[in-house]
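Residue strings, one per chain:
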Amino acid sequence: MRKFAIVTLFVILALTAWTQQAQAPVEVSSEPHHHLVLENMFVRVFAVSVDPGESTLMHHHGRDYLSVSIGDAQVTNTKQGAQAVAASFKDGDVRFTPAGLVHAVSNTGSTPFRNRTIELVGPTTNPKACTESCALPIPCDSADKASCPSVVKLFTADQWSVTMVTLPPGAKYPQHTHLANFLTVPLTDSDVTMKNQDQPEAAVHSKIGELSWRNPVVHTITNFGKTTAKTVVLEFRGRPAGEGSESMAPQAMGSQSKDASKPHDHH
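The present account deals with the structure reproduced in this document. These figures come from a predicted structure and were not determined experimentally.

Digging into the overall build of the chain
Step number 1: Each helix and strand in the chain was counted, giving 1 helix and 21 strands.
Step number 2: Out of the 267 residues belonging to the chain, those deemed buried represent 43%.
Step number 3: Contacts in the chain between residues at least 24 apart in sequence constitute 74% of all its contacts with a sequence separation of at least 6.
Step number 4: For the chain, the computed accessible surface area is about 14,000 Å², with 55% contributed by carbon and sulfur atoms.

See the structure below:
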């Protein structure tokens, strides 16, 4: 019986792969498991969800893109004209894929395959995953380093960078600067306060996978919730000419008091 079940599974996967190969590829925007949730001059973002046992249509990615995994998943990835290849994803995985990919994904695991597929509207040059000296120095007064915030660089290119920000309960991410527009992808539900420079502190509740597009800012973030807050941050290195992306740089904000913590940026 067990052998029969295994053979049946392989037959199903083979038929699925054959069907995917036979169909004409659709554009990613027409693939039913990809739902457009954000579009602007920098990005086009799709919420992707494929339940166990389901498969996407063969589809085409016409732009470079980043994918941010939400939860663990096991899939097969079938590129057009190639055999299916098994792939596994961990929560928070960030991967870069150059333009031109035509593929289909089948969920072979027991959990939904979910991600945020972030198409990059502009060109990408020199993309690379961070492999050494990836942790950014963040001031922390706590004797228990497990209670300190962390910021880890995941990916960089000439036009953007991707970091993972982790805030344990009670942790404070000191004043820091975002020189240009940035996108946040929460990996956890969280309750934090944000204090923009010269503005009152405000509470912000984030839900897993709910995107936020933000303008350049200097701010401080504190986790007042009971659980760790984890967020992937995609930050661009500048705006198109004439939009003043550097107006929030520390040197342009005037003098600061000697007691103020020195802002740092993510680049």
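Overview of the environment of Ser88
Step number 1: With respect to the helices, strands and loops of the structure, Ser88 is situated in strand β7 (residues 84-89).
Step number 2: Sequence-wise, Ser88 and Gln74 are 14 residues apart; in three dimensions their C-alpha atoms are separated by 4.6 Å.
Step number 3: Apart from residues no more than four positions distant in its own chain, Ser88 is found in contact with Ala73, Gln74, Asp93 and Arg95.

Thoughts on the state of the cysteines
What makes a disulfide is a covalent bond joining the sulfur atoms belonging to two cysteines.
Step number 1: Going through the model one piece at a time under the given rule, you end up with 2 disulfides.
Step number 2: Between Cys130 and Cys134 runs a disulfide, and the two sulfur atoms are separated by 2.1 Å. Looking down the S-S bond of the Cys130 and Cys134 bridge, the torsion is -110°, so its handedness is left-handed.
Step number 3: Relative accessible area serves as the criterion here: at 13%, Cys134 is assigned to the buried category.
Step number 4: One disulfide bridge connects Cys140 with Cys148, the sulfur atoms lying 2.0 Å from each other. Across the S-S bond linking Cys140 and Cys148, the dihedral sits near -80°, which makes this disulfide left-handed.
Step number 5: Take Cys140: its relative accessible area is 25%, and that puts it in the partly exposed class.
Step number 6: Take the cysteines of the chain that form disulfides and number them in order along the sequence; they join up as 1-2, 3-4.

Some words on the environment of Pro139
Step number 1: Locating Pro139 in the fold gives a position in the loop between β12 (135-136) and β13 (150-156).
Step number 2: Remark: the alpha-carbon pair of Pro139 and Pro149, spanning 10 residues in sequence, is separated by 8.4 Å.

With respect to the sheet that holds strand β1 (residues 26-27)
Step number 1: Overall, mixed pairing links the 5 strands, which are arranged β1-β4-β9-β6-β7 in an open sheet. Strands at the two margins of the open sheet, each flanked by one partner only, are β1 and β7.

Considerations on the nonpolar core
Step number 1: In this structure, Val43, Leu66, Ile118, Trp160, Val162, Val232 and Leu234 are the most contacted members of the largest nonpolar core, which totals 22 residues.
Step number 2: Listing elements by their share of this core, those giving two or more residues are β3 (43-50), β5 (65-69), β8 (94-97), β10 (113-120), β14 (160-167), β16 (182-186) and β21 (229-236).
Step number 3: Not counting residues within four places of it along the chain, the set of residues in contact with Val162 comprises Leu66, Val94, Val152, Lys153, Leu154, Phe155, Val232, Val233 and Leu234.
Step number 4: With 15 residues, the next largest nonpolar core counts Val165, Leu167, Val192 and Val204 among its residues.

Concerning the sheet that holds strand β15 (residues 172-178)
Step number 1: Spatial ordering of the open sheet is given by β15-β20-β17-β18, a layout of 4 strands whose pairing is antiparallel. Two strands bound the open sheet, and with one partner strand each, they are β15 and β18 (202-206). Within this sheet the neighbouring strands show an average axis-to-axis angle of 30°, counted without direction.

Observations regarding the pattern of salt bridges
Step number 1: Going through the model one piece at a time under the given rule, you end up with 3 salt bridges.
Step number 2: The shortest N-O distance in the salt bridge between Glu119 and Arg63 comes to 3.1 Å. Of this pair, Glu119 sits in strand β10 while Arg63 sits in the loop between β4 (59-60) and β5, and the two are 56 residues apart along the sequence.
Step number 3: The closest approach of N and O atoms between Asp93 and Arg95, which form a salt bridge, is 3.5 Å.
Step number 4: Owing to a relative accessible area of 21%, Asp93 belongs among the partly exposed residues under this scheme.
Step number 5: Connected via shared salt-bridge partners are Arg44, Arg63 and Glu119.

So, how was this worked out
- Residues numbered from 1 in each chain as written.
- Predicted model: local features only at pLDDT ≥ 70, side-chain atom pairs only at ≥ 80, totals over all residues.
- Heavy atoms only, no water.
- Helix = DSSP H or I, 4+ residues; strand = E, 2+ residues; numbered from the N terminus.
- Buried < 20%, exposed > 50% of the residue type's maximum accessible area, 1.4 Å probe, protein only.
- Contact = heavy atoms within 4.5 Å.
- Areas by Shrake-Rupley, 256 points an atom, 1.4 Å probe, with all protein chains shown as cover.
- Disulfide = S-S within 2.5 Å.
- Pairing = 2+ DSSP bridges.
- Core = buried A, V, L, I, M, F, W, Y, C linked by side-chain atoms within 4.5 Å.
- Axes fitted to C-alpha atoms, helices over the stretch in contact; angles between N-to-C directions.
- Salt bridge = Lys/Arg side-chain N within 4 Å of Asp/Glu carboxyl O.

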